Amino acid sequence: MNLKTFTFLLGLTGALGACGPAPTPQQQAARQHEIACLSGTVGGALLGGVIGNQFGGGSGKTILTAAGAAVGGVEGQRFAC
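Residues numbered from 1 in each chain as written. Predicted model: local features only at pLDDT ≥ 70, side-chain atom pairs only at ≥ 80, totals over all residues. Heavy atoms only, no water.

1. A closer look at the overall build of the protein
For clarity, the cut-off: Going along the chain from the N terminus, every DSSP run of H or I of four or more residues is numbered as a helix, and every run of E of two or more is numbered as a strand. It is over C-alpha atoms that the radius of gyration is taken, and the globule rule equals 2.2 Å times the number of residues to the power 0.38. Throughout, exposure labels follow a simple rule: accessible area from a 1.4 Å probe, protein chains only, divided by the maximum for the residue type, with under 20% read as buried, over 50% as exposed, and the rest as partly exposed. Here, Shrake-Rupley sampling with a 1.4 Å probe gives the accessible areas, and only protein chains in the shown set may cover a residue.
If you tally the helices and strands in the protein, you get three helices and zero strands. Element order for the protein, N to C, with α for helix and β for strand: α-α-α. For 81 residues, the compact-globule formula gives about 12 Å, and the C-alpha radius of gyration of the protein, at 21 Å, lies well above that figure. The dimensions of the protein, computed from C-alpha atoms along their principal axes, are 55 × 40 × 10 Å. Sorting the 81 residues of the protein into buried and exposed places 12% on the buried side. For the protein, the accessible area works out to roughly 6,200 Å², and carbon and sulfur atoms hold 70% of it.

Here is the structure:
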């Protein structure tokens, strides 16, 4: 399959996908809630990992970074959800 045909088919698929029904307000709210939960979890894990990385040395530093990321992820999810 050449590049022009592939590009045409990809564009056609995208155009047909846009013809679906619009999401309901409940679906939009559920999607926004999912995004908020995911953002809180990832943000908490990043922040916890950064804080945990400030302590310890050698393999202890690695363990504290992982523990900080885990605790931060749990707390971020709890806060955002």
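2. Remarks on the packing of helix H2 (residues 25–52) against helix H3 (residues 59–80)
Under the convention used in this document: Helix axes are fitted only over the stretch in contact, all axes being lines through C-alpha atoms; the angle between N-to-C directions runs from 0 to 180 degrees. Angle categories: roughly parallel below 35 degrees, roughly antiparallel above 145, roughly perpendicular from 65 to 115, and oblique for all the rest. Crossing handedness is read from the near helix: turned anticlockwise from the far helix by less than a right angle, it gives a left-handed crossing, and turned clockwise, a right-handed one. Contacts are assigned to residue pairs with any non-hydrogen atoms lying within 4.5 Å of each other. Three classes are used: nonpolar for Ala, Val, Leu, Ile, Met, Phe, Trp, Tyr, Cys and Pro, charged for Asp, Glu, Lys and Arg, and polar for all others, with Gly counted as polar.
Where H2 contacts H3, the two axes come as close as 6 Å, and the packing angle between them is 150°. When the axes of H2 and H3 are compared, the pair comes out roughly antiparallel. Taken as a pair, H2 and H3 cross one another with a handedness that is right-handed. On H3, the residues touching Ala36, Cys37, Gly40, Thr41, Gly44, Ala45, Gly48, Gly49 and Gly52 of H2 are Lys61, Leu64, Thr65, Gly68, Ala69, Gly72, Gly73, Gly76, Gln77 and Ala80. The residue inventory of the contact of H2 with H3, partitioned by class, reads six nonpolar, 12 polar and one charged.

3. Remarks on a nonpolar patch on the surface
How we decide: In this scheme, patches are assembled from residues that exceed 30% relative accessible area and form no salt bridge. Like charges are connected within 9 Å, while nonpolar side chains (Val, Leu, Ile, Met, Phe, Trp, Tyr) are connected within 5 Å. Whenever Lys or Arg places a side-chain nitrogen within 4 Å of a carboxyl oxygen from Asp or Glu, that contact is recorded as a salt bridge.
Judged by side-chain polarity, Phe8, Leu9, Leu12 and Leu16 come together as a nonpolar surface patch covering roughly 400 Å² of accessible area. Tracing the sequence through the fold places Leu12 in helix H1 (residues 3–17). Relative accessible area serves as the criterion here: at 38%, Leu12 is assigned to the partly exposed category.

4. Section: the environment of His33
Tracing the sequence through the fold places His33 in helix H2. Of the residues examined, His33 reaches a relative accessible area of 44% and is grouped as partly exposed. The spatial distance from the C-alpha of His33 to the C-alpha of Pro21 is 21 Å, given a sequence separation of 12 residues.

5. Side note on the state of the cysteines
Worth spelling out the cut-off: When the sulfur atoms of two cysteines come within 2.5 Å, that pair is taken as a disulfide.
Counted by the stated rule, this structure contains one disulfide. Here Cys37 is linked by a disulfide to Cys81, with a sulfur-sulfur distance of 1.9 Å. Taken as a pair, Cys37 in helix H2 and Cys81 in the segment after H3 lie far apart in primary sequence, 44 residues in all. For Cys37, a relative accessible area of 13% gives the class buried.

Any functional reading would require information that these geometric values do not contain.
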